[in-house]
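These are the residues of each chain, in order.
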Amino acid sequence: MKKLFKKIVVLFLTVSMFLCHLIFPSFINTDTLLTIKAHAATNNVEGYFTYTVNENGNATIIDCDASISGRVTIPSTFNGYPVTNIDSLAFYNCINITSISIPDSVTNIEDSTFCSCANLTSIKVASGNQYYSNDDYGVLFNKSKTELISYPIGNIRTSYTIPDSVINIGESSFEKCDNITSILIPNSVTNISNYAFQNCVNLTNITIPDSVIKIGWSAFEGCTSLSDVSIGKGVTQLDFLTFSKCTSLESIVIPGTVKVIIDNTFSGCTGLKSLVLCEGVEEIGYWAFSECPSLTNVILPDSIAIIDEHAFAYCTNLNKIVLSSNITNIGARAFYDTAYYNDESNWENGVLYLENCLLAANSDIPVSYEIKSGTKIIADSAFSSCSNLINVTIPDS
């Protein structure tokens, strides 16, 4: 799927350039187009490898035949052209590779290069390579070991301690490492990149040290055995889908240094029973805690000003909600299909209130409606289904 996406993007760019030439011919110099065409990379095949050659005469591996197997040594040249680059997803889903050796000539390896190589047990880099290195366990790093680039999926070790030289845990670096049950992250790490531990289905616990500032998209998404998570006090943002579908996670404490919980961060955490949001958290994003049916109560600190759309939707057992006293906006259906929402006794003449906030109104409310005194917030789209509504009286509050 990821390789197909890359091909679609390339096709889109090619067609776009062609259409621009048709639509705006007077603005495009024919010589320029010919120059672009001359420099356009042509796919070449040598053995299992597909590569391109740029205008400087350097080769980039862009694909590898999925039938390749065993110990693989990347050539240092193709037809005399030095191999300097390995493209993103170049070895994607080459499930029969057991080890891979990278030559001195390689100067750039893109993210997710060895993604889904299920039986890859080690990555070895030639000692003379000036840009990359590996450790004794066959893990790929940059030369100075400040970035961990790729942990081989097929490595049978169940635990791993990241070296204390590492600052950045790279994109997809541990993705789908099924054998890993525990990871020790040192205090040197400041960034955990997108998809870093995605779908590590046997990872049971993780402690994120105070040194970490940002945790990327889907960093721990789909870690279905992850039951113990400690988030350090240096983290300022939890990103899109960071802990989504961590179905074994039962409790989480989010420190006040995290100002914004981005969209879908904990969506689908079906085992989540306890949620502690510390003072300092300011915004809960779209669908952030949606589909957490084990969650029964939520107490929001006074620092929270914004609850976005569907933030707690489909938390079907959530019946106790204590709002922040400083709420300024509640998104559409923020508490839709919660136990509180579905309890008819909480509705007053077809309108649902939560403390001093009006959350929703049924489509069959009268043509004239007076919002009760003391109401401070009207949630987004609260009256969106009320097609018969003609008059609304809004109180001074």
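Participant: Explain the overall build of the protein to me, please; I cannot follow it from the model alone.
Facilitator: When helices and strands are tallied, the protein shows three helices and 34 strands. When contacts within the protein are restricted to residue pairs at least 6 apart in sequence, long-range pairs at least 24 apart make up 32% of them. Accessible area for the protein stands at about 18700 Å²; split by element, carbon and sulfur atoms hold 51% of it.

Participant: Would you explain the sheet that holds strand β14 (residues 168-169) in this entry?
Facilitator: Consider a sheet: its strands pair through backbone hydrogen bonds, and that pairing is either parallel or antiparallel. Strand order in the open sheet formed by eleven strands is β10-β11-β12-β14-β16-β18-β20-β22-β24-β26-β28, with mixed pairing between adjacent strands. Edge strands, defined here as strands with exactly one partner in the open sheet, are β10 (132-134) and β28 (329-330). Pairing analysis gives two bridges linking strand β20 (residues 237-238) to strand β22 (residues 260-261), with the strands arranged parallel. Each residue of the ladder has a partner; that of Gln237, found in β22, is Val260.

Participant: Mind showing me how you'd approach a nonpolar patch on the surface here?
Facilitator: Taken together, the side chains of Ile378, Val392 and Ile394 make up a nonpolar region of the molecular surface, amounting to roughly 250 Å² of accessible area. On the accessibility criterion, Ile394 (58% relative accessible area) is exposed.

Participant: When you look at the packing of aromatic side chains in this model, what are you seeing that I'm missing?
Facilitator: The geometry of two aromatic rings is summed up by the distance between their centres and the angle between their planes. Under the definition given, this model contains 21 aromatic pairs. A centroid spacing of 5.2 Å and a plane angle of 5° characterise the contact between Phe266 and Phe289, whose relative ring orientation is stacked. Highlighted residues: Phe266 in the loop between β22 and β23 (274-277) and Phe289 in the loop between β24 (283-284) and β25 (297-299), separated in sequence by 23 residues. For Phe266, a relative accessible area of 0% gives the class buried. Overall, the relative accessible area of 0% leaves Phe289 in the buried class. Between Phe289 and Phe312, the aromatic rings sit 5.4 Å apart at their centres with planes inclined by 10°, giving stacked as the arrangement. Note that Phe289 is positioned in the loop between β24 and β25 and Phe312 in the loop between β26 (306-307) and β27 (320-322), a separation of 23 residues in sequence. Given the relative accessible area of 0%, Phe312 is considered buried. Three or more aromatic residues link up through ring pairs in this structure, and these residues are Tyr137, Tyr151, Tyr160, Phe174, Phe197, Phe220, Phe243, Phe266, Phe289, Phe312 and Phe335.

Participant: Looking at this structure, I do not really get the sheet that holds strand β7 (residues 97-102). What am I missing?
Facilitator: Taken together, three strands build an open sheet; the order of strands is β4-β7-β9 and the sheet is parallel. Across the chains shown, the open sheet's two edge strands, defined by having one partner strand only, are β4 (70-73) and β9 (122-125). The average angle at which neighbouring strand axes cross in this sheet is 15°, direction not considered. As judged from the four bridges shared by β7 and β9, these two strands associate in the parallel manner. Across the sheet, residue Ile102 finds its bridge partner in β9, namely Val125.

Participant: It is not clear to me how the side chain of Ser193 should be interpreted in this structure. Could you clarify?
Facilitator: On the secondary structure map, Ser193 appears in the loop between β16 (191-192) and β17 (205-208). At 3.2 Å, the side chain of Ser193 forms a polar contact with the side chain of Asn191. Each residue touching Ser193, except ones within four places of it in the same chain, is listed here: Asn168, Ile169, Gly170, Glu171, Gly216 and Ala219.

Participant: It is not clear to me how unusual backbone geometry should be interpreted in this structure. Could you clarify?
Facilitator: In terms of backbone geometry, most residues other than glycine have negative phi values and most peptide bonds are trans. Look at Asn199: it is not a glycine, yet its phi comes out positive at around 60°. Assignment of secondary structure puts Asn199 in the loop between β16 and β17. Using a relative accessible area of 27% as the deciding quantity, one classes Asn199 as partly exposed. For Asp337, which is not glycine, the phi torsion reads 60° and is therefore positive.

Participant: Any chance you could explain the side chain of Ser116 here in plain terms?
Facilitator: Tracing the sequence through the fold places Ser116 in the loop between β8 (108-109) and β9. A residue is classified by how much of its surface remains accessible, and Ser116, at 9% relative accessible area, is buried. Those residues in contact with Ser116 that sit more than four places away from it in its chain are Tyr92, Asn93, Cys94, Ile95, Ile153 and Lys176.

Participant: Any chance you could explain the environment of Asn205 here in plain terms?
Facilitator: Within the secondary structure, Asn205 sits in strand β17. The sequence separation of Asn205 and Ile183 amounts to 22 residues, and the corresponding C-alpha distance is 7.7 Å. Among residues more than four places away in sequence, those in contact with Asn205 are Thr181, Ser182, Ile183, Leu226 and Asp228.

Participant: How do you make sense of the pairing of strand β19 (residues 228-231) when you look at a structure like this?
Facilitator: Side-chain alternation along β19 places Val229 and Ile231 on a buried face and Asp228 and Ser230 on a face that remains uncovered. Judged from the four bridges that link them, β17 and β19 form a sheet pairing that is parallel. Bridging from a neighbouring strand, Thr207 pairs with Ser230 of β19.

Participant: Help me out: how do you make sense of the nonpolar core in this one?
Facilitator: Across soluble globular proteins, nonpolar side chains show a tendency to be buried alongside one another. By size, the foremost hydrophobic cluster in this structure holds 74 residues, and its most contacted members are Phe174, Ile192, Phe220, Ile254, Phe289 and Phe312. Listed by contribution, the elements that provide at least two residues to this core are β17, β19, β21 (251-254), β23, α3 (339-342), β30 (351-354) and β31 (357-361). The dominant element in this core, judged by the number of residues it contributes, is β31, at three residues. Those residues in contact with Ile254 that lie beyond four places of it in its chain are Leu238, Ile261, Phe266, Leu275, Val276, Leu277, Cys278, Val281 and Phe289. In this structure, Ala59, Val83, Ile100 and Ile109 belong to the second largest nonpolar core, which totals 28 residues.

Participant: Explain the pattern of salt bridges here, please?
Facilitator: Side chains that differ in sign of charge can pair as their charged atoms come close. In total, this model carries two salt bridges according to the counting rule given. The salt bridge involving Asp239 is made with Lys214; its shortest N-O contact spans 3.6 Å. Of this pair, Asp239 sits in the loop between β20 and β21 while Lys214 is found in strand β18 (residues 214-215), placing the two residues 25 residues apart along the sequence. Residues Glu348 and Lys372 are paired through a salt bridge, measuring 3.1 Å at the closest nitrogen-oxygen approach. Of this pair, Glu348 sits in strand β29 (residues 347-348) while Lys372 sits in the loop between β32 (368-370) and β33 (377-378), and the two are 24 residues apart along the sequence.

Cut-offs applied
Residues numbered from 1 in each chain as written. Predicted model: local features only at pLDDT ≥ 70, side-chain atom pairs only at ≥ 80, totals over all residues. Heavy atoms only, no water. Helix = DSSP H or I, 4+ residues; strand = E, 2+ residues; numbered from the N terminus. Contact = heavy atoms within 4.5 Å. Areas by Shrake-Rupley, 256 points an atom, 1.4 Å probe, with all protein chains shown as cover. Pairing = 2+ DSSP bridges. Patch = residues over 30% accessible without salt bridge, like charges linked within 9 Å, V, L, I, M, F, W, Y side chains within 5 Å. Salt bridge = Lys/Arg side-chain N within 4 Å of Asp/Glu carboxyl O. Buried < 20%, exposed > 50% of the residue type's maximum accessible area, 1.4 Å probe, protein only. Phe/Tyr/Trp six-rings, centres within 6.5 Å; stacked < 30°, edge-to-face > 60°. Axes fitted to C-alpha atoms, helices over the stretch in contact; angles between N-to-C directions. Polar contact = N/O pair within 3.5 Å; in protein donor to acceptor, adjacent residues only side chain to side chain. Core = buried A, V, L, I, M, F, W, Y, C linked by side-chain atoms within 4.5 Å.

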